[in-house]
Amino acid sequence: MKFIVAAAGVVAFATVGTASGAYAQSAGDAAKGRAFAQQICTECHNIEKGQRPSPNGLAPNFETIARTPGLTAIALTAALRTSHRTMPNIIIPDDDLRNVVAYVLSLQ
């Protein structure tokens, strides 16, 4: 629930920040994003559509994240680059980040 609230705040911030189009980014590869998430994220999150709940009860599953109202690639990228009290500070390389974002958004 905290992630959804944080993501909603990031959506509002990212929407204001993108009016100039200065934050455009290339689309990622959802299949590569799923493979990365399988290796890195599954200790805490369920990453597949329809899986509930996550192994860590505080970690939302990826489908729940994907269905956050107003979620965009920019908002999710900003959320994943921001540390959270309940999430490890994982630094995801840019290409992998784009791929994970593409994967999560494919679950919408």
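Residues numbered from 1 in each chain as written. Predicted model: local features only at pLDDT ≥ 70, side-chain atom pairs only at ≥ 80, totals over all residues. Heavy atoms only, no water.

S.K.: Quick one: what's the story with the overall build of the protein, residue by residue and with numbers?
M.R.: Within the protein, the regular secondary structure consists of five helices and zero strands. Secondary structure elements in the protein, listed N-terminal to C-terminal, are α-α-α-α-α. Looking at the 108 residues of the protein, the share that counts as buried comes to 33%. In the protein, of all internal contacts separated by at least 6 residues, the share reaching a separation of at least 24 is 58%. (Helix = DSSP H or I, 4+ residues; strand = E, 2+ residues; numbered from the N terminus. Buried < 20%, exposed > 50% of the residue type's maximum accessible area, 1.4 Å probe, protein only. Contact = heavy atoms within 4.5 Å.)

S.K.: An account of the packing of helix α4 (residues 73-80) against helix α5 (residues 94-106) is requested, with residue identities and associated values reported.
M.R.: When two helices pack together, their arrangement is given by the angle between the helix axes and by the axis-to-axis distance. The interhelical angle for the contact between α4 and α5, taken along N-to-C directions, is 125°, at an axis separation of 10 Å. In this view, α4 runs oblique relative to α5, as classed from their interaxial angle. Where α4 crosses over α5, the two elements pack in a sense that is right-handed. Only L97, V100, V101, V104 and L105 of α5 make contact with α4, whose side of the interface consists of A73, L76, T77 and L80. Its residues assigned to classes, the contact of α4 with α5 comprises eight nonpolar, one polar and no charged. (Axes fitted to C-alpha atoms, helices over the stretch in contact; angles between N-to-C directions. Parallel < 35°, antiparallel > 145°, perpendicular 65-115°, else oblique. Left-handed = near helix turned anticlockwise from the far one by under 90°. Nonpolar A, V, L, I, M, F, W, Y, C, P; charged D, E, K, R; others polar.)

S.K.: I'd like a rundown of the packing of aromatic side chains, residues and numbers included.
M.R.: Aromatic ring pairs: the centre-centre distance and the angle between the two ring planes describe each pair. This structure, assessed with the given rule, holds one aromatic pair. Between F62 and Y103, the ring centres sit 6.4 Å apart and the planes meet at 50°, which makes this aromatic pair tilted. With F62 in helix α3 (residues 62-66) and Y103 in helix α5, the pair connects residues that are 41 residues apart, well separated along the chain. Taken as a pair, F62 and Y103 share a single burial class, namely buried. (Phe/Tyr/Trp six-rings, centres within 6.5 Å; stacked < 30°, edge-to-face > 60°.)

S.K.: Residue-level account of the nonpolar core, with values.
M.R.: One finds I47, F62, I65, L76, L80 and V104 to be the most contacted residues of the largest nonpolar core, which totals 18 residues. At the level of secondary structure, the elements contributing two or more residues to this core comprise α2 (30-40), α3, α4 and α5. In contact with I47, not counting residues within four places along its chain, are R34, A37, Q38, C41, T42, F62, Y103 and L107. (Core = buried A, V, L, I, M, F, W, Y, C linked by side-chain atoms within 4.5 Å.)

Remember that the coordinates give geometry; whether it matters functionally is a separate question.
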